[in-house]
Amino acid sequence: MSFTDSPAELAPGTPVAPASSAPRLLVVGCGGIGGIVAAYLFEQGHDVTAFTTNALIADAINAIGFRVRGEASPGTVGGRAVRELGPDTRPFDYILLATQPPQVEEAARDAVAHLAPTGAMICLQNGLCEERIARIAGPERTFGGIVAWGASMVEPGVYDRTSSGGFVLGRLDGASDPRLDELARILEAIGPTTVTDNLAGARWSKLAINCAISSLGTVGGDRLGVLLRHRFVRRLALEIMTETVQVSRALGVRLEKVAGTLDLDWIALTDAERSAVGSPGLFAKHALLLAVGARFRRMRSSMLAAIERGRPPAVDFLNGEVIERGAALGIATPINAAIREEVLAIAAGKRKPSLALLRAFFDRTRELVGAPSSMRPPPPATPAEPPAAPPHEPPAAPPHEPPTTATNAQADASGEPSLPAANVQSDLRDA
Ligand SMILES: NC(=O)C1=CN([C@@H]2O[C@H](COP(=O)(O)OP(=O)(O)OC[C@H]3O[C@@H](n4cnc5c(N)ncnc54)[C@H](OP(=O)(O)O)[C@@H]3O)[C@@H](O)[C@H]2O)C=CC1
Ligand SMILES: CC(C)(CO)C(=O)C(=O)O
């Protein structure tokens, strides 16, 4: 592939082929995701440049390298981070955008001059950012890259991979593209990577998860495992995901399973489940979320991390998208709207994230959903459950046992405290 000095947008439908020589890769943003992606790419010997606007991060990486720990970690990887890209920089074939959503358009505008005419920018952001980037780089040069694993930057240049998982790549128009296949082969070193012809379906499924997990994680101020042990948190997650699924269905989106297993269409609450408690279906959904919480227990909301670093939260790119698109379609999204307000209050310093704050949020929002509270007072064997209890009791628990996956909560490779099976059983009662 030959590079030109003035990369330009491709006309729609222009056939493109991957670079015939080793592709040049640029990672923009060296926080949790970008730092780990860059570390793996350096480790694999790719032609990669890591770019950050943050001097502390660049200095730490340039002094010691990328220090990665956690799931399948490569350890410390030598590599450099730059804070400037000179005009003579050779164009890149793939620019992986790894900023938070509020900064992604600015980052793309700054980087687009360095994108090869036949290259592509990859949105690693949660939300629906591809549409924004396509306006900057052109739809032919915009790929979605759904990140199905978790990461945190614990200090500049020090990264914690909080779960395994890979990527789902795709184009907005769903077309096949040899560049997607090439990129998938490159990213496979980080985790299993698939190419989808239904990017919208995969994006909306991930959006439903982030609207719940990232926002509840921000208000609750803790890791996923701790939060999802609480029935009221799972109930909120189900309500937020249900609203999101309803909007996506109205938009005609065919939802994809997340990581090939988590089926958002199935997990969305039925009308009966929204207003009643104690059905076997609801019990199974709680069991699934409990299993997800056990499997991904170390995940921590990147939105909470951004707020802690004094950055704006991505909530308008997550719940905000659902609220806005729902309003245009006449679909009510009261819990998404309420959690957005709560996140903004935290970002403004008016509230501090905590489990008690999340519990108060749950109690306050019961009237919005018109559903009876499904929470009975915590059983004595579950000390983690907060004391505030709704006044009335739910119907008796369904008779059957939760799926075995829920009790797998004890299996733990990370050294994090695990959830005893007895607690899982009692916690699932009265789902
Ligand atoms: N963390 C996770 O587990 C997951 C995250 N994601 C998505 O990945 C994205 C990144 O998340 P994460 O890595 O955790 O976020 P971080 O906040 O840890 O990292 C983002 C980094 O981008 C830097 N940055 C901001 N603007 C620019 C710019 N214009 N050019 C270069 N760098 C810039 C920030 O600098 P500074 O440090 O100065 O703020 C920060 O270091 C998010 O959009 C999130 O939606 C998806 C799945 C999982
Ligand atoms: C890892 C997860 C799901 C946790 O909220 C996430 O995507 C994020 O924080 O951005």
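Residues numbered from 1 in each chain as written. Chains lettered and ligands numbered in written order. Predicted model: local features only at pLDDT ≥ 70, side-chain atom pairs only at ≥ 80, totals over all residues. Heavy atoms only, no water.

Here is the rule: UniProt positions are given in the numbering used here, feature names are shortened, and annotations may be inferred rather than shown by experiment.
The protein chain appears in an unreviewed UniProt entry as 2-dehydropantoate 2-reductase from Sorangium cellulosum. Per UniProt, the protein chain carries the Catalytic activity (unreviewed entry) text "(R)-pantoate + NADP(+) = 2-dehydropantoate + NADPH + H(+)". In the Pathway (unreviewed entry) part of its UniProt record, the protein chain is described as follows: "Cofactor biosynthesis; (R)-pantothenate biosynthesis; (R)-pantoate from 3-methyl-2-oxobutanoate: step 2/2."

**Points about the site of ligand 1**
We count it as follows: One heavy atom suffices: a residue is near a molecule or strand as soon as one of its heavy atoms comes within 4 Å of it. The definition of a polar contact used here is a pair of N or O atoms within 3.5 Å, where within protein one atom must be able to donate a hydrogen and the other to accept one, and adjacent residues in sequence count solely through side-chain atom pairs. All accessibility values rest on the Shrake-Rupley procedure with a 1.4 Å probe; residue burial counts only the protein chains present in the view. By definition, any uninterrupted DSSP run of H or I lasting at least four residues is a helix, any uninterrupted run of E lasting at least two residues is a strand, and each is numbered from the N terminus.
Residues in contact with ligand 1 amount to 26 residues; listed here are only the nearest, I33, Q100, N126, A151 and R311. Within the contact set of ligand 1, an oxygen atom lies 2.9 Å away from a backbone nitrogen or oxygen of A151. With respect to ligand 1, the side chain of R311 contributes an N or O atom lying 2.5 Å from an oxygen atom. Out of a free accessible area of 900 Å², ligand 1 has 93% covered by protein chains. Every element with two or more residues in the shell around ligand 1 is listed here: α1 (32-43) and α3 (101-111). Among the elements that line the shell around ligand 1, the one with the most residues is α3, at 3 residues.

**Quick notes on the nonpolar core**
The criterion, for reference: Nonpolar core, defined: a set of buried Ala, Val, Leu, Ile, Met, Phe, Trp, Tyr and Cys residues in which side-chain atoms within 4.5 Å join the residues together. Accessible area is worked out with a 1.4 Å probe on protein chains only. A residue is then buried under 20% of its type maximum, exposed over 50%, and partly exposed in between. In this description, contact between two residues means that some pair of their heavy atoms is separated by no more than 4.5 Å.
Counting 49 residues, the largest nonpolar core has W204, L216, L236, M241, L264 and L358 as the members making the most contacts within it. Secondary-structure elements contributing two or more residues to this core are α6 (199-220), α7 (224-228), α8 (231-250), α9 (264-267), α11 (280-295), α12 (302-308), α14 (334-347) and α15 (355-369). Among residues more than four places away in sequence, those in contact with L216 are G221, L227, V233, L236, A237, I240, I339 and L358. Counting residues in each nonpolar core, the second largest holds 38 residues, with F66, L124, L169 and L187 among its members.

**Some remarks on the sheet that holds strand β7 (residues 115-123)**
The condition that has to hold: Only when DSSP finds a minimum of two bridges between them are two strands counted as paired. Axis geometry follows a simple rule: fit a line to the C-alpha atoms, using only the stretch in contact for helices, then measure angles between N-to-C directions, giving values from 0 to 180 degrees.
Here 8 strands make up an open sheet; going across it, the order is β5-β2-β1-β6-β7-β8-β11-β12 and the pairing mixed. Edge positions in the sheet fall to β5 (81-82) and β12 (193-196), since each has one partner strand and no second. Bridge analysis of strand β2 (residues 47-51) against β5 gives 2 bridges, and the strand direction is parallel. Pairing of F51 across the sheet is with V82, part of β5. Its contacts with the sheet place α6 against β7, β8 (142-147), β11 (167-171) and β12, and it is angled at close to 40° to β8.

**What about the sheet that holds strand β9 (residues 151-155)?**
Strand order in the open sheet made by the 4 strands is β4-β3-β10-β9, with mixed pairing throughout. Only two strands of the sheet have a single partner each, and these edge strands are β4 (75-77) and β9. The mean inter-strand angle of the sheet, taken between neighbouring strand axes irrespective of direction, is 25°. Across 3 bridges, the pairing between strand β3 (residues 66-70) and β4 is antiparallel. Paired with V68 across the strands is G75, a residue of β4. Where helix α2 (residues 55-64) meets the sheet, its contacts fall on β3, β4, β9 and β10 (158-161), and the angle it forms with β3 comes to roughly 90°.

**Concerning the UniProt feature "domain: Ketopantoate reductase N-terminal" (unreviewed entry) in the protein chain**
When the UniProt feature table is mapped onto this chain numbering, "domain: Ketopantoate reductase N-terminal" (unreviewed entry) sits at residues 26-173. Within the segment residues 26-173, helix and strand shares are 28% and 36% respectively, and the terminal C-alpha atoms sit 24 Å apart.

**Section: the site of ligand 2**
Put simply, the rule reads: Residues are grouped as follows: Ala, Val, Leu, Ile, Met, Phe, Trp, Tyr, Cys and Pro are nonpolar; Asp, Glu, Lys and Arg are charged; every other residue, Gly included, is polar.
Taken together, N126, K206, N210, I213, S214, M299, R300, S301 and S302 form the complete shell of residues around ligand 2. Between an oxygen atom of ligand 2 and a side-chain N or O atom of S214, the distance comes to 3.1 Å. In isolation ligand 2 exposes 280 Å². Once the protein is present, 91% of that is buried. In terms of residues, the shell around ligand 2 owes the most to one element, α6, which gives 4 residues. Taken together, the residues of the shell around ligand 2 sort by class into 2 nonpolar, 5 polar and 2 charged.

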